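Residues per chain are reported as follows:
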Amino acid sequence: MATIGMHFGHDAGAALTEEGGYHVIEAERRLGLRHVCGGNGDFPRAAGEWLAELRARAAGPVTRIAVADWYTPRCEVLPRALVELVNEDARWTATGGTGLADAVTRVIKTLDWPLAEEFDDVTLTAVRHHYAHAALAYYTSGARQALVLALDGTGNYAECGMVCLGDGDQLTPVMSFTNRTGPRFGLVYEALARRIHGSQFDTGKLLGLTATGDTDLSLLPVLRAMLVPQSTRRASPDLYERLDEDLLTGTALRYADTWWEYDPVSGGYLDAGLADSSDDDVVHSFGSVFPDEIRTADGRTTPVGTSPDERVCRDLAATLQTAVERDLTRLVIGISRRFPSYATLCYAGGCALNITANSLLAESGQFTRVSIPTCCDDSGIALGAALAVADPSDRPALLGRSGWAPLAYAGPPLQGLDEADGGRRPRADDLARRLTELGLAVRRTDDEEFLESVAELLAGRRCVAWLEGGMETGPRALGHRSLLVSAHWSGARRYVSQTIKQREWFRPVAPICPEEVADQYFTGPLDHTEAMLFAVRVRPDRARQLAEARHIDGTARLQTVRPVEHPLLHRLCHAVGARTELPVLINTSANGGGRPILNRLDEAVELLLETELDAVVLPEHRLIAE
């Protein structure tokens with residue numbers, strides 16, 4: 001049997017889980033629109049097609065459908081019972097206390113839901129947003145016992161996180177966090193990202209920008225009070241560090257024409273004024289608007305800029321990152337001490353994409369392992385919802401070090417240029433012919449010649465799109481939909497990131513390195529580096545050699561590769577190293593500026609013809625198109 005999950009909020013999608021594995025459909029990559037939600041005009045028709053596709057892929061009957069409770073009201077294909085549950089059931093909106101365990105899954109009626117009409121005997125279950133995050137983190141980790149944490153900007157009811165305990169096949173919620181009281185790590189991060197970069201979804205850009213600024217110690221306590229007010233810190237001293245009141249007295253935030261003075265009772269700024277406001281107003285106030293000006297305890301006022309080129313914005317980004325790291329680390333260690341028998345941390349939600357904070361958790365000594373799924377943000381919510389309600393037999397068993405890979409590459413295979421074959425994937429000869437008809441020079445080789453040819457291109461300062469296997473889930477390209485360039489030459493970063501992808505100058509690129517030699521070039525949590533979700537540091541004696549692959553602050557979002565998961569890519573790194581004395585490649589996602597990661601060969605050809613990309617490489621067919 002099998003279980004399907006659906007998510008109608010931003011980063012919407014559908015997913016299947018069964019004993020044999022997962023299959024994930026991310027709406028943005030099908031519809032070509034970043035962070036698409038269920039309210040997009042193409043979504044209703046496409047959603048029905050995705051469900052039919054997943055049902056056809058399932059080895060057995062689909063007996064359960066799970067829908068996450070975070071949605072956009074503009075979506076035309078919402079189950080009516082889901083809307084009623086979220087808006088009318090007070091028990092479901094509980095954000096803590098003894099009732100939380102009864103408010104994370106709820107069987108609801110399929111009445112008047114057209115998407116369920118094609119399923120015979122199916123149970124429809126609503127799943128709380130953060131519980132779906134937690135289920136994804138735990139059930140894909142392979143752990144049999146773990147502390148499970150979900151943290152992000154917000155779900156419904158101003159909720160911003162949840163703590164669960166994983167024991168065998170059971171996942172029990174024990175704590176819930178709300179933006180009313182904090183922590184507001186995700187929401188304040190989104191607000192500053194929106195201010196500087198223009199969108200709440202630009203938190204990744206903001207993280208990259210943090211390395212270009214310096215922490216302002218006078219601003220730091222103000223930002224920490226925005227994240228977690230003193231009232232919350234006083235109530236839970238084991239989870240939060242109490243701030244020095246002398247560093248907060250006299251501070252204030254200006255929004256438009258109004259100054260909000262520091263309130264010693266609430267220990268924050270907007271907190272007292274929002275005490276009786278709706279959940280939507282709370283989320284909007286903290287997450288959509290960043291202050292226009294900040295006054296510190298010494299009487300200095302700092303106008304907040306709106307551009308990453310302004311020094312004040314870079315310093316604010318660095319200061320906010322420092323604040324998040326300090327309070328997040330303290331919070332997670334405090335939670336762990338409340339539940340001391342759990343040595344593994346499973347972590348998901350948008351906050352889990354903060355790789356430098358992740359590394360602090362991995363190196364804290366509090367956990368033997370920190371496990372983060374590749375689609376830890378809302379792109380994994382559909383699968384998380386499915387896993388939350390699936391029968392244990394519908395959750396694939398994950399054993400050994402390769403357990404992360406079935407989820408990481410659970411997206412569909414490369415599509416396009418095969419419509420003439422009725423959807424059947426073309427043979428290598430047919431594919432070579434079609435690419436040649438488009439005016440490309442195509443080489444088809446055997447294994448050894450193929451790798452040598454690609455290595456020659458990379459050693460010769462060329463950039464290639466390396467496209468193989470199932471598409472990555474989540475925002476990271478991990479060697480299946482990647483642009484690769486060798487890290488050995490000066491200008492490689494600018495060539496791939498700015499010239500080809502037209503990205504901002506401060507955005508980091510990511511190195512790929514064979515696992516067995518990684519410690520020669522990098523230090524840090526090297527046992528956590530399969531999926532670019534932790535930051536490592538470039539060894540000082542390798543700083544010059546790896547100048548193109550490291551970030552401004554000396555860190556790197558490393559992916560280590562092993563022959564088990566990446567036989568050709570692993571060999572390619574060594575083949576390039578034999579020519580350049582550096583077996584490290586720079587990797588970034590295969591897409592043009594502002595577009596989702598591509599999953600159609602047509603789009604790859606377009607990228608090749610319209611940018612400075614030098615070649616499209618198809619390892620499964622041993623084809624190179626230039």
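Please read these numbers as outputs of a predicted model, since none were measured by experiment.

(A) Structural view of the overall build of the protein. Looking only at helices and strands, the protein has 18 helices and 26 strands in total. The C-alpha atoms of the protein give a radius of gyration of 24 Å, which matches the 25 Å a tight globule of 626 residues would have. The principal-axis extents of the C-alpha atoms in the protein amount to approximately 70 × 60 × 45 Å. Going through the 626 residues of the protein one by one, you find that 64% of them count as buried. Carbon and sulfur atoms make up 47% of the accessible area of the protein, which amounts to about 23300 Å² in all.

(B) Structural detail: the sheet that holds strand β22 (residues 555-556). Sheet architecture is open: three strands sit in the order β20-β21-β22, paired in antiparallel fashion. Every interior strand has two partners, whereas the edge strands, β20 (522-523) and β22, have only one. Bridge analysis of β20 against strand β21 (residues 536-538) gives two bridges, and the strand direction is antiparallel. Residue Phe522 lies in a different strand from β21, and its bridge partner there is Val538.

(C) Spotlight on the packing of aromatic side chains. Scanning the entire structure with this criterion turns up eight aromatic pairs. With a centroid separation of 6.2 Å and 65° between ring planes, the pair formed by Phe8 and Phe43 is classed as edge-to-face. Of this pair, Phe8 sits in strand β1 (residues 2-8) while Phe43 sits in helix α2 (residues 43-57), and the two are 35 residues apart along the sequence. Both residues of the pair, Phe8 and Phe43, belong to the buried class. Seen in terms of ring centroids, Trp505 and Phe506 are 5.5 Å apart; in terms of plane orientation they differ by 85°. Their pairing is edge-to-face. Classification of Trp505 as partly exposed rests on a relative accessible area of 40%. Counting every residue linked through ring pairs, the aromatic cluster contains Phe8, Phe43 and Trp50. Taking the ring centre of Trp259 as reference, the NZ or CZ of Arg295 above it sits at 5.3 Å.

(D) A look at the nonpolar core. By size, the foremost hydrophobic cluster in this structure holds 137 residues, and its most contacted members are Phe177, Phe290, Tyr347, Trp466 and Leu572. The element contributing the most residues to this core is helix α10 (residues 311-338), with 10 residues. With 44 residues, the next largest nonpolar core counts Val536, Leu558, Leu608 and Ala625 among its residues.

(E) Local environment of the pairing of strand β11 (residues 258-261). Pairing between strand β10 (residues 252-255) and β11: four bridges, direction antiparallel. In the sheet register, Ala252 faces β11, and the bridge partner there is Glu261. Linkage of β10 to β11, two consecutive antiparallel strands, is achieved through a turn of two residues, within which Ala256 is found at a positive phi near 55°.

(F) Structural context of the side chain of Asn599. Relative to the elements of secondary structure, Asn599 occurs in the loop between β24 (585-589) and α18 (601-610). At a separation of 2.8 Å, a polar atom in the side chain of Asn599 contacts the side chain of Arg481. Every residue in contact with Asn599, bar those within four places of it in the chain, is listed here: Pro412, Pro413, Leu414, Gln415, Met471 and Arg481.

About the thresholds
- Residues numbered from 1 in each chain as written.
- Predicted model: local features only at pLDDT ≥ 70, side-chain atom pairs only at ≥ 80, totals over all residues.
- Heavy atoms only, no water.
- Helix = DSSP H or I, 4+ residues; strand = E, 2+ residues; numbered from the N terminus.
- Rg over C-alpha atoms; globule rule 2.2 N^0.38 Å.
- Buried < 20%, exposed > 50% of the residue type's maximum accessible area, 1.4 Å probe, protein only.
- Areas by Shrake-Rupley, 256 points an atom, 1.4 Å probe, with all protein chains shown as cover.
- Pairing = 2+ DSSP bridges.
- Phe/Tyr/Trp six-rings, centres within 6.5 Å; stacked < 30°, edge-to-face > 60°.
- Lys NZ or Arg CZ within 6 Å of the ring centre and 35° of its normal.
- Core = buried A, V, L, I, M, F, W, Y, C linked by side-chain atoms within 4.5 Å.
- Polar contact = N/O pair within 3.5 Å; in protein donor to acceptor, adjacent residues only side chain to side chain.
- Contact = heavy atoms within 4.5 Å.

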